[in-house]
Amino acid sequence: MAEIIDGNAIAKSLHEELRSELLAMGSADLRKPCVAFVRVGENPASVSYVSKKQKVSAEIGIESRLHVLPESVSQPELNSLIDSLNADDNVDAILVQAPLPPHLSERDTFNRVRPDKDVDGFSAANLGLLCQEDASAFVACTPAGILEIIKRSGVETRGKNAVVIGRSIIVGKPLGLLLMRKGVDATVSICHSRTENLREICARADILIAAVGRPMTVSADMVKEGACVIDVGINRVPCAEKKSGYRLVGDVDFDGVVSKCSKITPVPGGVGPMTVAMLMKNTVAAYKRHVLK
Ligand code: NAD
């Protein structure tokens with residue numbers, strides 16, 4: 001039976017480390033770190049993610065501000081809010097919660113955020129720095145959280161086959177770059193919706209990461225004996241027993257895979273909390289750049 005990786009526990013220890021770091025830095029003439037959240041519309045998942053991020057910010061000692069814009073907001077109006085947050089010396093970090101409504105450009109929006117406040121790491125500037133293996137890059141929080149899980153769980157990456165299913169800017173692409181960079185040294189394959197022989201490629205993985213957004217994408221026959229399986233997917237499936245009417249599942253057939261792999265992340269309680277923890281880590285790093293310069 002695999003070890004079930006406790007993402008909540010790893011995230012909690014990271015929160016504690018950050019809280020202690022801020023306490024140690026604290027002095028009467030130093031302002032607190034501040035992150036600004038921008039949410040467009042009332043997408044229930046976005047409402048829940050931003051509220052969770054605000055709660056954790058408060059626990060760590062990070063001030064947060066929430067800007068909620070109507071679903072109908074125009075790109076120039078959204079840009080103008082981002083410009084004002086970019087110019088505000090009391091704001092260290094800006095996070096525009098994705099997904100945005102289809103009439104808005106996520107790419108233009110992410111690129112509008114000043115690189116030194118882009119704690120989501122989705123701007124061309126930070127993605128470019130990641131590609132150059134520049135230590136000053138803000139790395140996207142989910143990929144950074146996955147790497148932290150892998151490291152803190154003692155999983156060997158050097159020379160190992162890592163297979164990532166999914167090629168998005170939010171997860172797959174930056175994760176591929178992180179896993180192949182020097183010091184991590186995995187041999188990386190990125191699979192996607194047009195990949196042929198997905199099962200065979202996955203079955204060679206020492207580390208298999210699923211970021212697809214479709215339940216049961218990874219079945220036991222796709223998993224190598226003893227592999228480490230990281231399930232990034234968050235899917236809502238109808239469930240009459242739940243008050244909400246749904247339950248969360250990942251992309252992996254957890255029950256089928258758990259007896260075959262060596263380690264596995266659950267959904268919920270795996271990658272999700274680590275994404276929030278890495279956002280906090282990036283925000284503290286942005287703050288230190290601003291106040292200690
Ligand atoms: P996306 O829709 O942008 O990308 C999905 C990827 O899956 C695409 O690259 C596509 O090519 C690939 N794909 C689709 N069908 C496939 C198939 N049959 N075989 C192989 N590949 C296939 O999604 P995303 O933003 O990268 O998110 C992926 C999942 O991860 C979603 O469930 C999302 O909710 C979740 N997610 C979780 C966190 C977290 O913190 N846990 C963060 C971000 C995203």
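Please refer to the structure placed before this passage.
Quick caveat: nothing in here was measured; it's all calculated off a predicted structure.

Undergrad: For this particular structure, what's the right way to read the site of the ligand?
TA: By nearness alone, 21 residues border the ligand, and Arg 167, Ser 168, Ser 193, Ile 234 and Thr 275 come closest of all. A distance of 3.5 Å is found between a nitrogen atom of the ligand and a backbone nitrogen or oxygen belonging to Val 232. Here Ile 234 contributes a backbone N or O atom positioned 3.0 Å from an oxygen atom of the ligand. If the ligand stood free it would expose 850 Å²; the protein chains cover 72% of that surface. Sorting elements by how many residues they give to the shell around the ligand places helix H10 (residues 271-291) first, with 3 residues. For the shell around the ligand, the class distribution of residues is 9 nonpolar, 10 polar and 2 charged.

Undergrad: Would you mind showing me how to read the sheet that holds strand S2 (residues 34-40) here?
TA: In sheet architecture, strand pairing relies on hydrogen bonds along the backbone and comes in two forms, parallel and antiparallel. Strands sit in the order S3-S2-S4 across an open sheet of 3 strands; the sheet is parallel. At either end of the open sheet lies a strand with only one pairing partner, and these are strand S3 (63-69) and strand S4 (93-96). Within the sheet, the average angular offset between the axes of one strand and its neighbour, ignoring direction, is 15°. Bridging between S2 and S3 involves 7 bridges; their strand directions are parallel. Each bridged residue has a counterpart across the sheet, and for Val 40 the counterpart in S3 is Leu 69. Helix H3 (residues 75-87) rests against S2, S3 and S4 of the sheet, and its axis sits at about 180° to S2.

Undergrad: Explain the environment of Ala 240 here, please?
TA: Among the secondary structure elements, Ala 240 is positioned in the loop between strand S9 (235-238) and strand S10 (246-249). In sequence terms Ala 240 and Lys 288 are 48 residues apart; their C-alpha atoms lie 47 Å from each other.

Undergrad: Looking at this model, I keep getting lost on the layout of surface pockets. Mind explaining?
TA: To find leftover empty space, one rolls a probe the size of a water molecule over the atoms. Estimated volume of the largest pocket: approximately 1,500 Å³. If you trace the largest pocket, you find 50 residues lining it, with Tyr 49, Ile 234, Gly 272, Thr 275 and Val 276 closest to the centre. Among the secondary structure elements, those contributing two or more residues to the lining of the largest pocket are helix H1 (7-25), helix H2 (44-60), S4, helix H6 (141-152), S10 and H10. If you tally residues by element for the lining of the largest pocket, the top one is H2, at 10 residues. Partitioned by chemical class, the residues of the lining of the largest pocket number 26 nonpolar, 14 polar and 10 charged. In this structure, the second largest pocket encloses a volume near 390 Å³. Contributing to the lining of the second largest pocket are 18 residues, with Ala 137, Val 139, Arg 181, Lys 281 and Asn 282 lying nearest its centre. For the lining of the second largest pocket, the secondary structure elements donating two or more residues are H6 and H10. In terms of residue count, the dominant contributor to the lining of the second largest pocket is H10 (5 residues).

Undergrad: Even after reading the chapter, I still don't get H3, so can you show me in this structure?
TA: Structurally, the α-helix is built with 3.6 residues per turn, so residues lying three or four positions apart point the same way. The end-to-end C-alpha distance of H3, which contains 13 residues, comes to 18 Å, matching closely the 18 Å that a straight helix rising 1.5 Å per residue would cover. Considered for burial, the residues of H3 that qualify are Gln 75, Leu 78, Asn 79, Leu 81, Ile 82, Leu 85 and Asn 86. Angularly, the buried residues of H3 cover 160° about the axis, an arc narrow enough to put them on a single face. What points out from H3, more than 90 degrees from its buried face, is the exposed set Pro 76 and Ala 87.

Procedures and definitions
- Residues numbered from 1 in each chain as written.
- Predicted model: local features only at pLDDT ≥ 70, side-chain atom pairs only at ≥ 80, totals over all residues.
- Heavy atoms only, no water.
- Near = heavy atom within 4 Å.
- Polar contact = N/O pair within 3.5 Å; in protein donor to acceptor, adjacent residues only side chain to side chain.
- Areas by Shrake-Rupley, 256 points an atom, 1.4 Å probe, with all protein chains shown as cover.
- Helix = DSSP H or I, 4+ residues; strand = E, 2+ residues; numbered from the N terminus.
- Nonpolar A, V, L, I, M, F, W, Y, C, P; charged D, E, K, R; others polar.
- Pairing = 2+ DSSP bridges.
- Axes fitted to C-alpha atoms, helices over the stretch in contact; angles between N-to-C directions.
- Contact = heavy atoms within 4.5 Å.
- 1 Å grid on protein atoms, 1.4 Å probe; cavity = no way out; pocket = protein on both sides within 12 Å on 5 of 7 lines; lining within 4 Å.
- Points joined across faces, edges and corners; volume = space filled by probe spheres on them.
- Expected span 1.5 Å × (residues − 1).
- Buried < 20%, exposed > 50% of the residue type's maximum accessible area, 1.4 Å probe, protein only.
- Arc of directions from axis to C-beta.

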